[in-house]
Amino acid sequence: MKYEPVIGLEVHVELDTKSKMFCRCSADFFGKEANTHTCPTCLGLPGALPYINESAIDDCIKIGLSLGCKISSKSIFERKNYFYPDLAKGYQISQYRWPLCISGQLTVDSGQLIRINRVHQEEDTGKLTHSGGETLIDFNRSGVPLVEIVTEPDFKNTAQIRDYAKKLQQLFRYLGVSNADMERGEMRLEANISVRPIGQTALPPYRIELKNINSFRFMVAAVEYEINRQINALENKETLKQETRGWNEDKKCTYLQRSKEDANDYRYFPEPDLPEIILEIGRASCR
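The text that follows walks through the structure, step by step, so that each part is easy to find. (Residues numbered from 1 in each chain as written. Predicted model: local features only at pLDDT ≥ 70, side-chain atom pairs only at ≥ 80, totals over all residues. Heavy atoms only, no water.)

### Some points on the overall build of the protein chain
Of the regular secondary structure elements, the protein chain holds three helices and 17 strands. Expected size for 287 residues packed as a compact globule is a radius of gyration near 19 Å; at 19 Å, the protein chain falls within 12% of this value. The proportion of buried residues among the 287 residues of the protein chain is 52%. Contacts spanning at least 24 positions in sequence make up 67% of the contacts within the protein chain whose residues lie at least 6 apart. Carbon and sulfur atoms make up 48% of the accessible area of the protein chain, which amounts to about 14400 Å² in all. (Helix = DSSP H or I, 4+ residues; strand = E, 2+ residues; numbered from the N terminus. Rg over C-alpha atoms; globule rule 2.2 N^0.38 Å. Buried < 20%, exposed > 50% of the residue type's maximum accessible area, 1.4 Å probe, protein only. Contact = heavy atoms within 4.5 Å. Areas by Shrake-Rupley, 256 points an atom, 1.4 Å probe, with all protein chains shown as cover.)

### Description of the packing of aromatic side chains
Applying the stated criterion to the full structure yields five aromatic pairs. Here the aromatic rings of tyrosine 96 and tyrosine 268 are separated by 4.5 Å at their centres, their planes lie at 15°, and the arrangement is stacked. One end of the pair, tyrosine 96, is in the loop between strand 5 (91–94) and strand 6 (101–107); the other, tyrosine 268, is in the loop between strand 14 (253–259) and strand 15 (269–270), and 172 residues separate them in sequence. Residue tyrosine 96 is classed as partly exposed on the basis of its relative accessible area of 34%. Classification of tyrosine 268 by relative accessible area gives buried; the value is 18%. (Phe/Tyr/Trp six-rings, centres within 6.5 Å; stacked < 30°, edge-to-face > 60°.)

### Considering the sheet that holds strand 5
By way of backbone hydrogen bonds, the strands of a sheet pair with one another, either parallel or antiparallel. Within the open sheet, the three strands sit side by side as 5-4-15. Their pairing is antiparallel. Where the open sheet ends on each side, the last strands, each with one partner, are strand 5 and strand 15. Relative to strand 15, strand 4 (residues 78–81) is paired through two bridges, and the arrangement is antiparallel. Counted as the bridge partner of arginine 79 is phenylalanine 269 from strand 15. (Pairing = 2+ DSSP bridges.)

### A few points about the sheet that holds strand 11 (residues 187–197)
The mixed open sheet is built from nine strands, whose spatial order is 2-6-7-10-1-11-12-13-14. Each edge of the open sheet carries a strand with a single partner, namely strand 2 (70–71) and strand 14. As paired elements, strand 12 (residues 208–213) and strand 13 (residues 243–248) share three bridges and run parallel to each other. Bridge pairing links isoleucine 208 to glutamate 243 in strand 13. Helix 2 (residues 158–175) rests against strand 1 (3–14), strand 6, strand 7 (113–123), strand 10 (145–151) and strand 11 of the sheet, and its axis sits at about 15° to strand 1. Sitting on the sheet, helix 3 (residues 216–235) is in contact with strand 1, strand 11, strand 12, strand 13 and strand 14, with an inclination near 25° to strand 11. (Axes fitted to C-alpha atoms, helices over the stretch in contact; angles between N-to-C directions.)

### Quick word on the state of the cysteines
Scanning the model with the defined rule gives zero disulfides in all. Unpaired in this structure, cysteine 60 has its nearest cysteine sulfur neighbour in cysteine 101, at a distance of 4.5 Å. (Disulfide = S-S within 2.5 Å.)

### With respect to the environment of tyrosine 255
When you line up the elements, tyrosine 255 lands in strand 14. When its relative accessible area of 37% is taken as the criterion, tyrosine 255 is described as partly exposed. Along the chain, tyrosine 255 and threonine 244 lie eleven residues apart, while their C-alpha atoms are 8.6 Å from each other. Not counting chain neighbours up to four residues away, the residues in contact with tyrosine 255 comprise Thr244, Arg245, Gly246, Trp247 and Asn248.

### Quick notes on helix 3
Here helix 3 contains 20 residues, and its C-alpha end-to-end distance of 29 Å stays within 8% of the 28 Å for a straight helix at 1.5 Å per residue. Those residues of helix 3 not exposed but buried are Phe216, Phe218, Met219, Val220, Ala222, Val223, Glu226, Ile227, Gln230, Ile231 and Ala233. Contacts from the buried residues of helix 3 go to strand 1, helix 2, strand 11, strand 12, strand 13 and strand 14. The N-terminus of helix 3 is capped by serine 215, whose side-chain oxygen sits 3.2 Å from the backbone nitrogen of arginine 217. (Expected span 1.5 Å × (residues − 1). Polar contact = N/O pair within 3.5 Å; in protein donor to acceptor, adjacent residues only side chain to side chain.)

### Brief notes about helix 2
Taking 1.5 Å of rise per residue, the 18 residues of helix 2 would be expected to cover 26 Å, and the 26 Å separating its terminal C-alpha atoms lies within 8% of that figure. With a side-chain oxygen positioned 3.2 Å from the backbone nitrogen of alanine 159, the residue opening helix 2 is asparagine 157. Glycine 176, located one to two residues past helix 2, shows a positive phi value of around 75°.

### Examining the pattern of salt bridges
Taken as a whole and judged by the stated rule, the model has 20 salt bridges. Taking the shortest distance from any N to any O, the salt bridge between arginine 97 and glutamate 78 comes out at 2.3 Å. With arginine 97 in the loop between strand 5 and strand 6 and glutamate 78 in strand 4, this residue pair connects regions lying 19 residues apart in the sequence. With a shortest N-O distance of 3.1 Å, aspartate 109 and lysine 167 are connected by a salt bridge. With aspartate 109 in the loop between strand 6 and strand 7 and lysine 167 in helix 2, the pair connects residues that are 58 residues apart, well separated along the chain. Judged by relative accessible area, aspartate 109 falls into the exposed class, the value being 63%. On the accessibility criterion, lysine 167 (24% relative accessible area) is partly exposed. In this structure, a network of salt bridges that share partners links the residues Glu14, Asp124, Arg141 and Arg188. (Salt bridge = Lys/Arg side-chain N within 4 Å of Asp/Glu carboxyl O.)

Set out below in structure tokens:
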């Protein structure tokens, strides 16, 4: 039996703002001493209240408009609850049900139209470093404005993935919203991959997420490896389940990180400390 890949992409880009998304800490953290760009708000300490970085909202809207998105008249921040150590407060402020920008598109050089599901605003997480059996955490990056661009599963091959990601990088730089330097982690790629028999139109009942890849070359290699791994598994009558996997560049293979969560696992609910964003022609306001 012959198979074809079903691939969607998520691109995260850090915005080049002076301060973080929900506090006044400097967003210029790269190369600085660990845990020196933090405050009670981005650490989620009791009694500290967030407030919205207007420049970050403007930059997110610029990206959405450049991708042909519809700008939502109402946008709401929500708490995405999880218990990994990269956010001290135990949740990420993001957008799930009410993103800023929806339904855009971008055409790659092959002529394939890539549909954009959403462009939404959130905050970045801290940086984890695994060393000597210990996990070290630097919260300087925690709370930096982050925009996520999510596609529909329209990619047919890795050439289209590379072209799409490069076009987005050029777009970010042209707009002046981010330098999108992948070596510094300012732009990170994630792919959702599954395979299905050629001729089948229904989406497969699973997807594998490749997480936080900061190189076009690594992404291409990881996706190609994962497609072959999944095909081999199906041909051996194995059942594939939703997983998050990483890319091991030294071994040239993907590896299991954790079982993939669904939206209900994150227990989204509206952020009670932030107002709705109401967008009107020529101006925006918070209510």
